[in-house]
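Results of the structural survey
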Amino acid sequence: MLGRTVRWRPLCAQLQRPVTLVGSPSLLPTRRYAHQLNEEFLVEKPGIKAKLFDGKKLANVINSEVGEEIKKMVAQGERAPHLVAVLTGDDPASKTYVSNKAKSADKCGMNATTILKDGSTSEEELLALVDDLNNDDGVDGILVQLPLPSHINTNRVMQAVSPAKDVDGFHIHNIGLYCSGNPSSALIPATPLGILEMIKRCNFPTFGKTVCIANRTKNIGFTLNTLLHSDGTGDATVLQTHEHTPREQLKTNCRQADIVISATGIHKLITADMVKEGAMVIDVGIIPIKTKSGKIKIVGDVDFEPVAQKAAVITPVPGGVGPLTVAMVIRNTLYIAQKSLRFDFKSIHEDKN
């Protein structure tokens, strides 16, 4: 048993002042009337019908918005937000991910600290470190990078992070808030939040539309399902599938979908015969494969070239969803520091009158 009591208040009690990031007036464009696709973040590529979503460009815009808010905070005599990442072990992918977050934070004027722990670190040592960070008023956001070594109970560590500093949105308190219809008081996991931000900024409609999600993890599929079908946020019909869904059933579900989101880690799971004309296809897969030349190439779940001849919008891998995940961690840290957490999930189902 750790000696200190973690001091945190419910997130809804932290709504102290009305700070809203530029360009984030609502979560999703759920108006009932027709939408015109916003092509600011879309790129045309010769020989491909679909427009490619530029995740790096949107991430840069979001980081710029965060940077402007931080400048205002500092000008008012407040300190810059502080994100602390805890990296346990020597997983190469984790090192790269944490490094990218630190670089993005630095570009925004945010303080970022990475604490490196040996792979032999005990669970109790890691919990004691989390406890220290929870009680450090100079730390706004805490990120415990996954995966953790096999001898450590991941869930126990993640639930030890104060929900008020939980930039990953993994704490049961945050999950409970957005599942119970209070997402504006919660911290949302970065990958689904980035996907929702992408849909919003592209002005792709969700109201009354069908979404097929090939993923069931709490960090991606579960969160997306909850928010996309909820009244006043997405208002979509969501079809949930995963890596063990029979292929014919997966095909049937995907063919109905206006938006297909896949995050299974299975290359070419989503093929052209599964996608209807004009759909938005969002590929969250990150799969390293060896090319004929022996080099490592990163690909996704989607059979890209054939699917891109049918979709209206498609995300490339890499360069699509990945940069947004990092940007949303940084933005979550800002929200915590501002004590605002204003995602403004109000319904905007106004009629065109």
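Conventions we followed
- Residues numbered from 1 in each chain as written.
- Predicted model: local features only at pLDDT ≥ 70, side-chain atom pairs only at ≥ 80, totals over all residues.
- Heavy atoms only, no water.
- Helix = DSSP H or I, 4+ residues; strand = E, 2+ residues; numbered from the N terminus.
- Buried < 20%, exposed > 50% of the residue type's maximum accessible area, 1.4 Å probe, protein only.
- Contact = heavy atoms within 4.5 Å.
- Pairing = 2+ DSSP bridges.
- Axes fitted to C-alpha atoms, helices over the stretch in contact; angles between N-to-C directions.
- Expected span 1.5 Å × (residues − 1).
- Arc of directions from axis to C-beta.
- Salt bridge = Lys/Arg side-chain N within 4 Å of Asp/Glu carboxyl O.
- Patch = residues over 30% accessible without salt bridge, like charges linked within 9 Å, V, L, I, M, F, W, Y side chains within 5 Å.
- Areas by Shrake-Rupley, 256 points an atom, 1.4 Å probe, with all protein chains shown as cover.
- Right-handed = clockwise from strand over helix to strand, strands pointing away.

Counting its secondary structure elements, the chain contains 10 helices and 12 strands. Put simply, the chain has 353 residues, and 54% of those count as buried. Across the chain, contacts joining residues at least 24 apart in sequence account for 74% of those joining residues at least 6 apart.

Here the focus is the sheet that holds strand E1 (residues 42–43). Overall, mixed pairing links the 7 strands, which are arranged E1-E2-E12-E9-E8-E6-E7 in an open sheet. Bordering the open sheet on either side are E1 and strand E7 (237–241), each of which pairs with just one other strand. With 2 bridges joining them, E1 and strand E2 (residues 51–53) adopt antiparallel strand pairing. Residue pairing across strands places Leu 42 opposite Phe 53, the latter belonging to E2. Sheet contacts for helix H8 (residues 247–256): strand E6 (210–214), E7 and strand E8 (259–262); angle to E7, the most-contacted strand, approximately 155°.

Quick look at the pairing of strand E10 (residues 287–290) now. Across 4 bridges, the pairing between E10 and strand E11 (residues 296–299) is antiparallel. Looking across to E11, one finds that Pro 288 is bridged to Ile 298. The loop that links E10 with its antiparallel partner E11 comprises 5 residues; one of these, Gly 294, has a positive phi angle of about 95°.

Now for the sheet that holds strand E5 (residues 141–144). What the 3 strands build is an open sheet, ordered E4-E3-E5; its pairing is parallel. The sheet terminates laterally at strand E4 (111–117) and E5, the two strands that pair on one side only. In this sheet, adjacent strand axes meet at a mean angle of 15° when their direction is disregarded. Pairing between strand E3 (residues 82–88) and E4: 7 bridges, direction parallel. By the bridge assignment, His 82 is partnered in E4 with Asn 111. Running at roughly 180° to E3, helix H3 (residues 123–134) makes contact with E3, E4 and E5 of the sheet. Across the sheet, helix H10 (residues 322–338) is in contact with E3 and E5; its angle to E3 comes to roughly 130°.

This paragraph deals with helix H2 (residues 92–108). Compared with the 24 Å implied by 1.5 Å per residue over 17 residues, the 25 Å span of H2 between its first and last C-alpha is a close match. Taken residue by residue, H2 has Ser 94, Val 98, Lys 101, Ser 104, Ala 105 and Cys 108 as its buried positions. Along the axis of H2, the buried residues cluster in a sector spanning 120°; they form a single face. Turned more than 90 degrees away from the buried face of H2, the exposed residues are Pro 92, Lys 103, Asp 106 and Lys 107. Buried-residue contacts for H2 involve helix H1 (55–75), E3, E4, E5 and H10. Note on H2: the residue one or two positions beyond its end, Gly 109, has a positive phi of about 85°.

Opposite charge on two side chains permits them to pair, given that their charged atoms come into close proximity. Enumeration over the complete set of coordinates arrives at 16 salt bridges. The salt bridge involving Lys 276 is made with Asp 258; its shortest N-O contact spans 2.9 Å. Remark: Asp 258 occurs in the loop between H8 and E8 and Lys 276 occurs in the loop between E8 and strand E9 (280–283); sequence separation between them is 18 residues. What makes Lys 276 partly exposed here is its relative accessible area of 30%. Bridged by salt links that share partners, the residues Glu 65, Glu 197, Lys 200, Arg 201 and Arg 331 form one connected network.

This part covers a nonpolar patch on the surface. Together, Ile 286, Ile 296 and Ile 298 make up a nonpolar patch on the protein surface, roughly 300 Å² of accessible area in all. Its place among the elements puts Ile 296 in strand E11. In this structure Ile 296 comes out as exposed when scored by relative accessible area, which is 57%.

This part covers the environment of Ala 279. Position of Ala 279 relative to the elements: it lies in the loop between E8 and E9. Looking at Ala 279, the relative accessible area reads 0%, which means it is buried. Separated by 32 residues in sequence, Ala 279 and Ala 311 place their C-alpha atoms 4.8 Å apart. Once residues lying within four places of it in the same chain are set aside, the contact partners of Ala 279 are Phe 204, Ala 257, Asp 258, Lys 310, Ala 311, Ala 312 and Val 313.

The next subject is the pairing of E3. Among the 7 residues that make up E3, 7 are buried, leaving the element largely enclosed by the rest of the structure. The alternating pattern of E3 places His 82, Val 84, Val 86 and Thr 88 and Leu 83, Ala 85 and Leu 87 on opposite faces, both of which are buried. Note on the crossover from E3 through H2 to E4: the handedness is right-handed. Of the pairings in the sheet, the one linking E3 to E5 comprises 4 bridges and is parallel in character. Paired with Val 86 across the bridge in E5 is Val 144.

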